[in-house]
Amino acid sequence: MQKSRRWRGLELLLLSLIFGVACGGQTVAANAPETPVPTASSNAASTNAATSAAPSTVAPSTVASAAPPANASPASDALAKSQADAVPAASEAAPLPQGTLVLQLGDSFAAALGVELGKRLKSAGVRSALEYKTASYIPNWSFGPEIPEYIGKYRPDLVLVTLGANEIEIPKPEQRVGAIKHLVSELGGRPCVWVLPPLWKPDSGLIQVIKDNVAPCRYLDSSALVPDLPRGRDKIHPSAEGREIWAEAVFQWLRKERVGDEKHAWALKPAPPPAK
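A quick note: this is a predicted structure, and the numbers were derived from the prediction, not measured.

Chemist: Give me the lowdown on the overall build of the protein chain, citing residues and values where you can.
Modeler: Scanning the protein chain from N- to C-terminus turns up 11 helices and five strands. A separation of at least 24 residues holds for 77% of the contacts in the protein chain among residues at least 6 apart in sequence. Surface summary for the protein chain: the accessible area is close to 17500 Å², and the carbon and sulfur share equals 59%.

Chemist: Help me get a handle on unusual backbone geometry, residues and values and all.
Modeler: A cis amide bond links Ala215 to the next residue, Pro216, at an omega of 10°. Note that Pro216 resides in the loop between helix H9 (206-213) and strand E5 (218-221). Notably, Ala135 is not glycine yet its phi reads approximately 50°, a positive angle. Within the secondary structure layout, Ala135 lies in the loop between strand E2 (127-132) and helix H6 (138-143).

Chemist: Provide a residue-level description of the environment of Glu131, including the pertinent values.
Modeler: Among the secondary structure elements, Glu131 is positioned in strand E2. C-alpha separation for the pair Glu131 and Ile147, spaced 16 residues apart in sequence, amounts to 9.5 Å. Each residue touching Glu131, except ones within four places of it in the same chain, is listed here: Leu103, Gln104, Leu105, Gly106, Trp141, Tyr150, Lys153 and Tyr154.

Chemist: Explain the pairing of E5 residue by residue, including any values.
Modeler: Residues Arg218 and Leu220 line the buried face of E5, whereas the alternating positions Tyr219 and Asp221 sit on a face that is not buried. Of the strand pairs in this sheet, strand E4 (residues 192-196) and E5 are connected by four bridges, and their pairing is parallel. Considered in E5, the bridge of Val193 is made with Arg218. Running through H9, the crossover from E4 to the neighbouring parallel element E5 is right-handed.

Chemist: So what's going on with the sheet that holds E2? Which residues, and what values?
Modeler: Strand order in this open sheet of five strands is E2-E1-E3-E4-E5, and the pairing throughout is parallel. Edge positions in the open sheet fall to E2 and E5, since each of these has one partner strand only. For this sheet, the mean inter-axis angle between neighbouring strands, taken without regard to orientation, is 20°. Here strand E3 (residues 158-162) runs beside E4; their pairing, made up of three bridges, is parallel.

Chemist: Outline the packing of helix H5 (residues 108-123) against helix H11 (residues 240-257), supporting the account with residue identities and numerical values.
Modeler: Orientation of H5 relative to H11, taken along the N-to-C sense of each, is 60°, at an axis distance of 8 Å. Relative to H11, the element H5 lies oblique. You can see that H5 and H11 cross each other, and the crossing is right-handed. Across from Phe109, Ala112, Leu113, Glu116, Leu117, Arg120 and Leu121 in H5, the residues of H11 making contact are Arg243, Glu244, Trp246, Ala247, Glu248, Val250 and Phe251.

Chemist: Please provide a residue-by-residue account of the environment of Pro227, values included.
Modeler: Take Pro227: it is sitting in the loop between helix H10 (222-225) and H11. For the pair Pro227 and Leu199, spaced 28 residues apart in sequence, the C-alpha to C-alpha distance is 8.7 Å.

Chemist: Go over the packing of aromatic side chains, please, and point to the residues and values.
Modeler: The geometry of an aromatic ring pair comes down to the distance between the two centres and the angle between the two planes. The full count for this structure, using the stated rule, is three aromatic pairs. Ring geometry for Tyr150 versus Tyr154: centroids 6.4 Å apart, planes at 45°, classification tilted. Here the residue Tyr150 and the residue Tyr154 both occupy positions in helix H7 (residues 146-154), the gap between them amounting to four residues, near one helical turn. Through successive ring pairs, a cluster of aromatic residues spans Phe109, Trp200 and Trp246. Above the face of the Trp141 ring, Lys133 is positioned so that its terminal group lies 5.5 Å from the ring centre. The lysine or arginine in question, Arg258, covers the ring of Trp266, its NZ or CZ lying 5.9 Å from the ring centre.

Chemist: Explain the pairing of E2 residue by residue, including any values.
Modeler: Direction of pairing for strand E1 (residues 101-106) relative to E2: parallel, over a ladder of six bridges. Each residue of the ladder has a partner; that of Leu103, found in E2, is Ala129.

Cut-offs and rules
Residues numbered from 1 in each chain as written. Predicted model: local features only at pLDDT ≥ 70, side-chain atom pairs only at ≥ 80, totals over all residues. Heavy atoms only, no water. Helix = DSSP H or I, 4+ residues; strand = E, 2+ residues; numbered from the N terminus. Contact = heavy atoms within 4.5 Å. Areas by Shrake-Rupley, 256 points an atom, 1.4 Å probe, with all protein chains shown as cover. Buried < 20%, exposed > 50% of the residue type's maximum accessible area, 1.4 Å probe, protein only. Pairing = 2+ DSSP bridges. Right-handed = clockwise from strand over helix to strand, strands pointing away. Axes fitted to C-alpha atoms, helices over the stretch in contact; angles between N-to-C directions. Parallel < 35°, antiparallel > 145°, perpendicular 65-115°, else oblique. Left-handed = near helix turned anticlockwise from the far one by under 90°. Phe/Tyr/Trp six-rings, centres within 6.5 Å; stacked < 30°, edge-to-face > 60°. Lys NZ or Arg CZ within 6 Å of the ring centre and 35° of its normal.

Structure below.
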């Protein structure tokens, strides 16, 4: 009996020692840093975070060849096309010769064209001068002192003549042949363009007479270039809108017809053959 109690005491002592050691191990483990085992969902989150943090790099060729979005509307396509069409091709026309001077001469139609055209020339780096007299005629300019005076004063690289509107109905337009040829000779061989007035009614044949006798100048048929030009209150001269349209058309015509080089800045293309 005494032996049994002794063994029980030893067993109790042994159990207490074992229990104390076990509790001490649990405490050490609790103070250690926790390293959980990654799960499938936590791996996915880590991958997504790394992907969003990394910079996105797309090859330029991929961007250029990318197809338009599936939900692109016809309106957006039309807008993109119109913007692309608004940019002129580099081969359409060379830049105008910087610092050169264009002299504009003529009647009230020269004034209607000249102000707006002058603005466009200036924006292109070209100087311009406008000399006009309202209610003036081809013989006034041809045999008067003004043209030699203005040629000497400005020494222009290109001359634009806008005359004929006030004599559009003369019964014998062939009477202007001598005045037209003399006026052209007064320009001193410079590049020149006779800008025919945009007609508001049929003429008696003066337009054709000018076309036939203006060489070596070129002629610009405004009625063909800007048909149905908006007119002002007098139903004759271009309105403010019409002047803008006319000036822009003449400006673009000059750009396309110029073939000048460093020696002859405003040399123009040869006149096209007459229509049969």
